Amino acid sequence: MVVKQAVFAGSSQRVTQKPERLLPEMAFIGRSNVGKSSLINMLCAKKGLAHTSSTPGKTLLVNHFLVNDKWYLVDLPGYGYARISKSGREKLEKIINDYLVRSAELVNLFVLLDSRLDIQKIDLDFMLELGAQGIPFSIVYTKCDKLGVNALQAQIDKNNQTLLQYWEQLPPVFRSSSESGLGREEILGYIEQILNTL
Ligand code: GTP
Ligand code: MG
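Treat the numbers as computed from the prediction; the structure is a model and nothing was measured.

Undergrad: How should I be thinking about the coordination of the magnesium ion (ligand 2) in this particular structure?
TA: For a metal bound by four donors in tetrahedral geometry, the ideal donor-metal-donor angle is 109.5 degrees, whereas six donors in octahedral geometry ideally sit at 90 or 180 degrees. Ser-37 (OG) and Thr-59 (OG1) make up the full set of protein donors to the magnesium ion (ligand 2), lying at 2.0 to 2.2 Å. You can see Ser-37 sitting in helix H1 (residues 36-44) and its partner Thr-59 sitting in the loop between H1 and strand E3 (62-67), a full 22 residues away along the chain.

Undergrad: Would you mind showing me how to read the layout of surface pockets here?
TA: Picture a little ball the size of a water molecule; that probe, rolled over the atoms, points out where space is still empty. The space that makes up the largest pocket amounts to roughly 630 Å³. Along the walls of the largest pocket sit 32 residues, with Gly-35, Ser-37, Ser-38, Thr-52 and Ser-178 positioned nearest its centre. Counting residues per element, the lining of the largest pocket draws most heavily on H1, which supplies 5 residues. By residue class, the composition of the lining of the largest pocket is 4 nonpolar, 20 polar and 8 charged. Estimates place the volume of the second largest pocket at around 270 Å³.

Undergrad: Can you help me understand helix H4 (residues 149-164) in this one?
TA: For an α-helix, the turn length of 3.6 residues means that residues three or four places apart are oriented alike. Taking 1.5 Å as the rise per residue, H4 with 16 residues should run 22 Å; its terminal C-alpha atoms sit 22 Å apart, in good agreement. Within the sequence span of H4, burial applies to Leu-152, Gln-155, Ile-156, Asn-159, Asn-160 and Leu-163. Looking straight down H4, one finds its buried side chains confined to an arc of 140 degrees; they lie on one side. Across H4 from its buried face, at more than 90 degrees, point the exposed residues Asn-150 and Gln-161. In this structure, the buried side of H4 is in contact with helix H3 (121-133), strand E6 (137-142) and strand E7 (173-175).

About the cut-offs
- Residues numbered from 1 in each chain as written.
- Chains lettered and ligands numbered in written order.
- Predicted model: local features only at pLDDT ≥ 70, side-chain atom pairs only at ≥ 80, totals over all residues.
- Heavy atoms only, no water.
- Donors = N, O, S within 2.8 Å, 3.2 Å for Na, K, Ca; no water.
- Helix = DSSP H or I, 4+ residues; strand = E, 2+ residues; numbered from the N terminus.
- 1 Å grid on protein atoms, 1.4 Å probe; cavity = no way out; pocket = protein on both sides within 12 Å on 5 of 7 lines; lining within 4 Å.
- Points joined across faces, edges and corners; volume = space filled by probe spheres on them.
- Nonpolar A, V, L, I, M, F, W, Y, C, P; charged D, E, K, R; others polar.
- Expected span 1.5 Å × (residues − 1).
- Buried < 20%, exposed > 50% of the residue type's maximum accessible area, 1.4 Å probe, protein only.
- Arc of directions from axis to C-beta.
- Contact = heavy atoms within 4.5 Å.

Shown next, in the form of structure tokens:
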């Protein structure tokens, strides 16, 4: 798919406040700082479209970006950000949950995992909850530029084994780098394929 146009369409805390024009949504979630906003910018080839930061906790609202006037990329706040108050964290969890449970237009959620790490408990718990709620998801490994080819393959193999202890089949798995553009064609192609089935 060619991204001809990508524009910011609004920020919200509740599904009732999201952009009025209802279109299919592809959302991005993962731990704080995993690279959600950077990946959205990479997919749209537009630096600065979604705001990024080297410190966690940058995205605190649900942000909709209208692509090709046909569908939305949705940037979500990160989960698991430890260095905020309990009430702040609960507020973020509420925003994420409200979106995931009540957004009827959500057609696929990309769960982002740091390619350098073993699967963390918080990610596993989150994905198990998605399974329980029947929310379809795929996995995107981020920051793949930070590992050599062999180390990357070994880490992904290890993580796949972990996932297969909980699921009979793996969801679609993508490798990405917002620095090099790795994964752009594959992820956009996958999105196009989903949109074509709607
Ligand atoms: P929150 O909004 O705080 O939840 O974070 P986020 O998941 O949106 O992360 P963000 O895109 O803001 O990126 C966090 C940091 O990781 C930034 O310093 C990015 O430059 C860096 N980063 C993101 N993706 C990549 C990548 O593919 N490669 C490298 N080397 N750095 C990356
Ligand atoms: Mg962000």
